[in-house]
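The residues making up each chain are set out below.
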Amino acid sequence: MPTPWRQFLRRAAAFAHDLGWVALALLLGYLAHANFQSLHTLNYPSLGTLLLLALPVQAGCLWAFGVYRSLWRFTSLPDVVRILKAVAVGTLLIATLAFLLHLQGVPRAALVLYPVFLLVGLTAPRLTHRWLRDHHLHPVPRQGRRTLVIGAGRGGEMVVRDLLKDDTYLPVGLLDDAPDKKGSELHGVRVLGPVTRLEDTIDRLEVDLVLIAMPTAPADLMRRVTQTCTRLKVDCVTLPTLAELAGTPAGVAQLRDIRIEDLLGRQPVGADTGLLDRFIQGRRVLVTGAAGSIGSELCRQVLAHGPERLIALDHSEFGVYSIDEQLRQLAPPERVISRLGDVRDAARMRDLFSEWRPQLVLHAAAYKHVHLVEQNVVEGVRTNLLGTCTVADLAVEFGVEKFLLVSTDKAVNPGNVMGASKRAAEIYCQARQGSADTNFIITRFGNVLDSAGSVVPLFRRQIEAGGPVTVTHPEVTRFFMTIPEAVSLILQSAAMGQGGEVFVLDMGEPIRIVDLARQMIRLYGLEPERDIPIRYIGLRPGEKLHEELFHAQENLTGTVHSKILQAQARNADRDVLQGCLVAMGQACERQDTQAVRGLLKQVVPEFTEAPVHTRPDRPRAQPADNLKIVGG
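Please read all numbers here as calculations on a predicted model, not as lab measurements.

1. Details of the overall build of the protein chain
So, point 1. Broken down by element type, the protein chain carries 20 helices and 22 strands.
So, point 2. Out of the 632 residues in the protein chain, the part that is buried amounts to 51%.
So, point 3. Of the contacts formed within the protein chain by residues at least 6 apart in sequence, a portion of 76% connects residues at least 24 apart.
So, point 4. Roughly 28500 Å² of accessible area belongs to the protein chain as shown, and the carbon and sulfur atoms make up 55% of that amount.

Shown next, in the form of structure tokens:
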């Protein structure tokens, strides 16, 4: 039978059931008035008249309050509340009409007891049906993947409830570290003990799947559970984080595989939604580098705060096409302006500013890969530094309220051209602060996980190909954050900044890249060095063993946001800076790499070529062409 017909018949049957209870509730009200002594003493004429009045009125109320929108097997508290409202309003209307029509012989006690009987008659069958379905009182034993749930809190309760409705899963128990929960039950599924009993429970109950039902699960718990499941060759899935759920109720539909960011030990950075709404709503926002990992997420998050216009700019045709397709699914087409253009092209940038008059500029356009910029010095400087100068100058000329430069930890004591060019761009923005009404703000952070060309997708490809996984050096470390975290920082910094600040995210402890590689290998159910070899290939020119987030002279202070710090800006001689920039532009025109490097060192005195680190006990392999341990 087609699904629409089945649904129609179910609703018709529920409707008929409820109308039957309307009549029965009135009859019970009359009988209660007569102390249930005799049917012969009832006032049948008034009962019949009242019934003819009550049926259409109560039926209309039940329908109007949406009682038939949900199926009986999913009856919940909101459904009971809808029934209660429908019965209350229906009773009030029936009593009012009976009074206005001067119906004779209607006992007041019957009208008082009618809603009580009707409420019981409508809710009890529904809740009983729900209980029977949830507890699966079927003659045939239930089949499905034997599932052990970690976490007996609110998330665990919702997940177990969903699992019991889905024949794909068979929940066999829960584990939770709270001592008071041991021995208790969630929908008939028992809490067996703490998470430390995971391995024993998997063996004893022959578990097929472990489900982490804790949206706020700490990284160390995720690592312990994941490692145990990997060793025992049991699948492991998790609920999304609270930020990913974004208010959506947790359930089976949201389950996903464990990701590397779940194991890194960082709590997501929370954003002040109200502050961002006030900052972005109704304004024209220009995002440069809009097709990149950071730029595209910037566009998505900006749209969520209701800008008047979002101007998404990038020089990649396919990139602009892709982000335009995504953004038009999130906002009306007239709100999204996607444009091709290069930040190095002053004429094109002037035309764009003149046409759209942006009020906020989020400048994310940059070349970010250290080794590529080392091999293409002139192009890196023209984009990262001179392109920034072009956009910053136009922002001042066209009265932009705020200009935010997306920078990187590699700008601190730079050991490569990419970092030095970004530090020079920071210096230029700091020098422009105060020269006009435009406020310049800088935000600086480390690598972003899973960005285009970063180490995570590289490791993923290498693992799927059977290895080896290539790491530059056994001791190399990097700071990491997720793309949404990075963008949250950018927008929060732009909203907080008053001009001239350098904001830095409190990123916790740096992570060894080799540890990241090992964790990713284990996520695939494999063992590092045994199933997938790890090969050290040596640092590339310009790469450092350890990145820094601030210079020694940049004293860090706290801000109103617990995860955002502020570095004290260092002053620069604007006249000297301007002279160097003119000379740098000329050197770029001549393709004079050495002159460009020399001028960069004048602008950024701390710029020194990073020494190459190798392991004496390991032969240095040739660098793999596709290795990119950057992403900031």
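2. A short note on the environment of Gly282
So, point 1. Structurally, the position occupied by Gly282 is in the loop between helix H9 (273-280) and strand E8 (284-288).
So, point 2. Sequence separation between Gly282 and Glu308 is 26 residues, and the spatial gap between their C-alpha atoms is 4.4 Å.
So, point 3. In this view, Gly282 contacts Gly306, Pro307, Glu308 and Gln359; residues no more than four positions away in its chain are not counted.

3. Thoughts on the nonpolar core
So, point 1. Membership of the largest hydrophobic core comes to 54 residues, with the highest contact counts inside it found for Phe353, Val381, Leu385, Phe403 and Leu600.
So, point 2. Tallying contributions element by element places helix H14 (residues 377-397) first for this core, with 11 residues.
So, point 3. The contact partners of Val381, leaving out residues within four places of it in the chain, are Leu386, Val417, Ser421, Met584, Cys588, Val596 and Leu600.
So, point 4. With 38 residues, the next largest nonpolar core counts Val287, Ala290, Leu303 and Leu310 among its residues.

4. Description of helix H6 (residues 198-205)
So, point 1. Buried residues of H6: Leu198, Thr201, Ile202 and Leu205, and no others. Within H6, the buried residues cover an arc of 100° as seen down the axis, which keeps them to one side.
So, point 2. Buried positions along H6 lie against strand E1 (145-150), strand E2 (169-175), strand E4 (189-193), strand E5 (209-212) and helix H7 (219-232).
So, point 3. Immediately downstream of H6, the backbone of Glu206 shows phi near 50°, a positive value.

5. Some points on the pattern of salt bridges
Between side chains of opposite charge, a pair can form when the charged atoms approach closely.
So, point 1. All chains considered together, the criterion is met by 29 salt bridges.
So, point 2. Between Arg154 and Glu157 there is a salt bridge, with the nearest N and O atoms lying 2.9 Å from each other. Placement of both Arg154 and Glu157 in helix H5 (residues 154-165) is noted, with a separation of three residues, approximately one turn of the helix.
So, point 3. Residue Arg154 is classed as exposed on the basis of its relative accessible area of 56%.
So, point 4. Glu157 is the salt-bridge partner of Arg161, the closest N and O atoms lying 3.6 Å from each other. Of this pair, Arg161 and Glu157 both sit in helix H5, four residues apart, roughly one helical turn.

6. Topic: a nonpolar patch on the surface
So, point 1. A cluster of nonpolar side chains, contributed by Leu97, Phe99, Leu100 and Leu101, occupies part of the molecular surface with about 430 Å² of accessible area.
So, point 2. Assignment of secondary structure puts Leu97 in helix H3 (residues 77-100).
So, point 3. Under the relative-accessibility criterion, Leu97 is labelled partly exposed at 30%.

7. Re the packing of helix H2 (residues 44-64) against H3
Helix packing geometry: the angle between the two helix axes and the distance between the axes.
So, point 1. Remark: H2 packs on H3, axes separated minimally by 9 Å, with the N-to-C direction vectors making an angle of 145°. Seen from above, H2 lies across H3 with right-handed handedness. Residue-level inspection shows Leu50, Leu53, Ala54, Val57, Gln58, Cys61 and Leu62 of H2 in contact with H3, the latter providing Ala86, Val87, Val89, Gly90, Thr91, Leu93, Ile94, Leu97 and Ala98.

8. Focus: the sheet that holds strand E6 (residues 235-238)
So, point 1. A sheet is described by the order of its strands in space; here seven strands give the open sequence E3-E4-E2-E1-E5-E6-E7, paired in mixed fashion. Bordering the open sheet on either side are strand E3 (185-186) and strand E7 (256-257), each of which pairs with just one other strand.
So, point 2. Here E3 runs beside E4; their pairing, made up of two bridges, is antiparallel. If you follow Leu186 over to E4, its bridge partner there is Val189.
So, point 3. Those strands touched by H6 are E1, E2, E4 and E5, and its axis lies near 160° from that of E1.

9. Concerning the environment of Ala86
So, point 1. Mapped onto the elements of the fold, Ala86 is located in helix H3.
So, point 2. Looking at Ala86, the relative accessible area reads 0%, which means it is buried.
So, point 3. Once the C-alpha coordinates of Ala86 and Gly66 are considered, the two residues, 20 residues apart in sequence, prove to be 8.9 Å apart.
So, point 4. Not counting chain neighbours up to four residues away, the residues in contact with Ala86 comprise Gln58, Cys61, Leu62, Phe65 and Val67.

10. Re the side chain of His305
So, point 1. If you trace the backbone, His305 turns up in the loop between helix H10 (293-303) and strand E9 (309-314).
So, point 2. There is a polar contact of 2.7 Å between the side chain of His305 and the side chain of Asp277.
So, point 3. Apart from residues no more than four positions distant in its own chain, His305 is found in contact with Thr273, Leu276, Asp277, Ile280 and Gln281.

11. Considerations on unusual backbone geometry
So, point 1. Between Gly467 and the following residue, Pro468, the backbone shows a cis peptide bond with an omega angle of 0°.
So, point 2. Here Pro468 lies in the loop between helix H16 (455-464) and strand E15 (469-471).
So, point 3. We note that Lys233 has phi near 60°; this positive angle belongs to a residue other than glycine.
So, point 4. With respect to the helices, strands and loops of the structure, Lys233 is situated in the loop between H7 and E6.
So, point 5. Although it is not a glycine, Arg357 adopts a positive phi angle of roughly 45°.
So, point 6. When you line up the elements, Arg357 lands in the loop between helix H12 (346-356) and strand E11 (360-363).

What counts and how
Residues numbered from 1 in each chain as written. Predicted model: local features only at pLDDT ≥ 70, side-chain atom pairs only at ≥ 80, totals over all residues. Heavy atoms only, no water. Helix = DSSP H or I, 4+ residues; strand = E, 2+ residues; numbered from the N terminus. Buried < 20%, exposed > 50% of the residue type's maximum accessible area, 1.4 Å probe, protein only. Contact = heavy atoms within 4.5 Å. Areas by Shrake-Rupley, 256 points an atom, 1.4 Å probe, with all protein chains shown as cover. Core = buried A, V, L, I, M, F, W, Y, C linked by side-chain atoms within 4.5 Å. Arc of directions from axis to C-beta. Salt bridge = Lys/Arg side-chain N within 4 Å of Asp/Glu carboxyl O. Patch = residues over 30% accessible without salt bridge, like charges linked within 9 Å, V, L, I, M, F, W, Y side chains within 5 Å. Axes fitted to C-alpha atoms, helices over the stretch in contact; angles between N-to-C directions. Left-handed = near helix turned anticlockwise from the far one by under 90°. Pairing = 2+ DSSP bridges. Polar contact = N/O pair within 3.5 Å; in protein donor to acceptor, adjacent residues only side chain to side chain.

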